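# Coordinates in review
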Amino acid sequence: MGEKSRTYTGRELRGYIVGMFGQNLIYNIVATGLYFYFQNVICLPAMALGWIMTIARIWDAINDPMMGTIVDKTRTKWGKCRPYLIIFPAIIGLVTILTFLNGNYAQADTATQKVMIVAWAAISYIAWGMVFTVCDIPLWGITSLMTEDENDRSKILGLARIAAGVGGIGVLIVQIAQAAAGIFKNKGIEATKASQYGFIVTAAIMTVFASILFECAGIFTRERVEQSEKRYGFKENFQIMFRNKPFRQILISGILRSPIQLLMIVAMTLVTYYYANGNIMNILMLDDNGAVTGINIKILIGLGCVAAGLFIGQFVSMGITPVIIKKVEKKTLYNFYSVAGAVPFLLIYVFYKVSGGDLTTTFWSIIIGICMLFASASFGGINVLQSVMIADCVDYEEYTNGVRTDGVFFSGQSFITKLSAGIATIISSSVFSIVGYSGANVDKLNKAIEKGASFLTYDGGSGAGKYAATMFFLISIPPAIGMILSALPTLRYALTDKEHARILGELVAKRAKDNENK
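Now for a description of the structure that goes with this document. Only a predicted model underlies this, so the values are computations on that prediction, with no experimental measurement involved.

### A look at the overall build of the protein chain
The number of helices and strands found in the protein chain is 21 helices and 2 strands. Taking 2.2 N^0.38 as the reference for a compact globule, 518 residues should give roughly 24 Å; the C-alpha atoms of the protein chain span a radius of gyration of 23 Å, in line with that estimate. Dimensions of the protein chain, computed from C-alpha atoms along their principal axes, come out at roughly 80 × 45 × 40 Å. Here the protein chain, with 518 residues, has 57% of them falling under the buried criterion.

See the structure below:
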């Protein structure tokens, strides 16, 4: 490029990455922790949970582009994204905590109480989605405003995805909450209540910490790319989203890949029940007096292999993808990740059947860990590419129509994420309802395990081990199908890397010239 590109400082980059970690810590507290809490602690009926997610996603179809339009119309001395990143993290934190303050459906005495419990779950979750969107779109949109340099943008988006992946430790709220529940049990509180209190306390502490970190993204960043004078309304922005062909292809691809979210939704329940028989604290071996005598190596290996596979695969892929795209066409790499990633997902269920339903031995734990490694690497790389390619679409729109719609286009990314979670939840809720893993039956399962039953062979009136088989199916077959389908819209992706480089070069030159003429 002939003109020097303006870009972020190291301090701004660090502030953004810390904020991204905090935001995704909150996201995973809700996406995984709250789902586990709704399903396995307060025992909401599976279909009620599915309907809550469906209603939330229908609203998101309107709310996300609407928020993108509001962001693009925002004009302040801080820019158009930063105001939301400064003001809303504390609000998101408060609403996150409120989603956990509910009753127990399985223990409710009257129909009215049950309705109130479901209603509070629905209202609080939809409210959380709305306030989360207010910050999520500006958080991703600001990346294309912090720098004009394509390599720096790929770098910050790659690091952002890594930070988001590290924020995945939020899923540990399940294990931490179960440990906290042990404290309440030791004080004589009934097991179900103790479990609920453990989640509430853990969610509150983790959310406050995450909200403080999230605030850094607003405080330390700066917007350097000028905002377009031309502005569009909600209707026009909707038209822009679907008229922009490369963006439309990414949007459709992301929706088709929705079943991948089943891994996040179901995996924590699966590993907790399948490897630790419903409570992570079973990893500790106790004597008759309750004193710790050692570690259950079998549980440790099972949990360790799955966790290592999930996290290491993502981080490695997120780290190397920004480097690979300097030499490999983005479209080619995106489609490779999609098609190749279907294989390890498919093998998970194949190995479950081959093993006879028992994957808890050291050999099978390692095999499943390897499958998780390659599966998580595929969607980790896709996540980076999706963000980079959406940022390219923003440049394409500015070059073609003279307007920079960062907020609207990154609202599409937020919409993909939440719609995918909604579709995955509908799939899981429907399947769980069919096999009877719902409401009072989950409460019965928990009580049976307390008395010594094994989740691997638990009948529950649905056949020995059917709950475990259902969960392995959900994290294997639907994601494999979704990964393959997601490659279809991008086989002939409309924006090549060469064309984008030309567009970006001309945009940088035009901005420099406009600044000289001011």
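### Focus: the packing of helix α1 (residues 10-41) against helix α8 (residues 173-186)
Running from amino to carboxyl end, α1 crosses α8 at an angle of 45 degrees, the nearest separation of the two axes being 9 Å. When the axis of α1 is compared with that of α8, the two are oblique. Counting all contacts with α1, which are made through Ile29, Gly33 and Phe36, the residues of α8 involved are Ile173, Val174 and Gln178.

### Brief notes about the side chain of Asn335
For Asn335, the position within the fold is in helix α15 (residues 330-354). Discounting residues that sit within four places of it in the chain, Asn335 has contacts with Ala487, Thr490 and Leu491.

### Overview of the nonpolar core
In terms of nonpolar packing, the biggest core is built from 146 residues, with Tyr16, Leu44, Trp128, Tyr274, Phe432, Tyr437 and Phe455 touching the most fellow members. Here this core gets 16 residues from one element, more than from any other, and that element is α1. Phe432 has contacts with Tyr35, Gln39, Ala46, Val266, Tyr437, Thr470, Met471 and Leu474, leaving out every residue within four places of it along the chain.

### Here we look at the pattern of salt bridges
Under the criterion given, the structure shown has 8 salt bridges. In this structure, Glu499 and Arg502 form a salt bridge, with 2.6 Å as the shortest nitrogen-oxygen distance. Linking Glu499 with Arg502, this pair stays in helix α21 (residues 497-517), spanning 3 residues, or about one helical turn. Of the residues examined, Glu499 reaches a relative accessible area of 30% and is grouped as partly exposed. Here Arg502 makes a salt bridge to Glu506, at a shortest N to O gap of 2.8 Å. Residue Arg502 and its partner Glu506 are located together in helix α21, separated by 4 residues, close to a single helical turn. Given the relative accessible area of 36%, Arg502 is considered partly exposed. What you see here is one network of salt bridges that share partners, running through Lys330, Asp392 and Asp497.

### Some thoughts on the packing of aromatic side chains
Within the structure shown, the criterion is met by 24 aromatic pairs. Plain terms: the ring middles of Phe351 and Trp364 are 5.7 Å apart, the flat faces sit at 45 degrees to each other, and that makes the pair tilted. Of this pair, Phe351 sits in helix α15 while Trp364 sits in helix α16 (residues 362-401), and the two are 13 residues apart along the sequence. With relative accessibility at 17%, the residue Trp364 sits in the buried group. Through pairs of rings, three or more aromatic residues link up here, namely Phe36, Tyr37, Phe38, Phe100, Phe199, Tyr273 and Phe455.

### Overview of a nonpolar patch on the surface
On the surface, Ile252, Leu256, Ile481, Leu485, Leu488 and Leu491 cluster together into a nonpolar patch covering about 510 Å² of accessible area. Of all elements in the fold, only α12 (245-256) and α20 (477-486) reach the threshold of two or more residues within the nonpolar patch. On the secondary structure map, Leu488 appears in the loop between α20 and α21. Of the residues examined, Leu488 reaches a relative accessible area of 52% and is grouped as exposed.

Each value, and the rule that gives it
- Residues numbered from 1 in each chain as written.
- Predicted model: local features only at pLDDT ≥ 70, side-chain atom pairs only at ≥ 80, totals over all residues.
- Heavy atoms only, no water.
- Helix = DSSP H or I, 4+ residues; strand = E, 2+ residues; numbered from the N terminus.
- Rg over C-alpha atoms; globule rule 2.2 N^0.38 Å.
- Buried < 20%, exposed > 50% of the residue type's maximum accessible area, 1.4 Å probe, protein only.
- Axes fitted to C-alpha atoms, helices over the stretch in contact; angles between N-to-C directions.
- Parallel < 35°, antiparallel > 145°, perpendicular 65-115°, else oblique.
- Contact = heavy atoms within 4.5 Å.
- Core = buried A, V, L, I, M, F, W, Y, C linked by side-chain atoms within 4.5 Å.
- Salt bridge = Lys/Arg side-chain N within 4 Å of Asp/Glu carboxyl O.
- Phe/Tyr/Trp six-rings, centres within 6.5 Å; stacked < 30°, edge-to-face > 60°.
- Patch = residues over 30% accessible without salt bridge, like charges linked within 9 Å, V, L, I, M, F, W, Y side chains within 5 Å.
- Areas by Shrake-Rupley, 256 points an atom, 1.4 Å probe, with all protein chains shown as cover.

Scope: geometric values only; no functional claims are made or implied.
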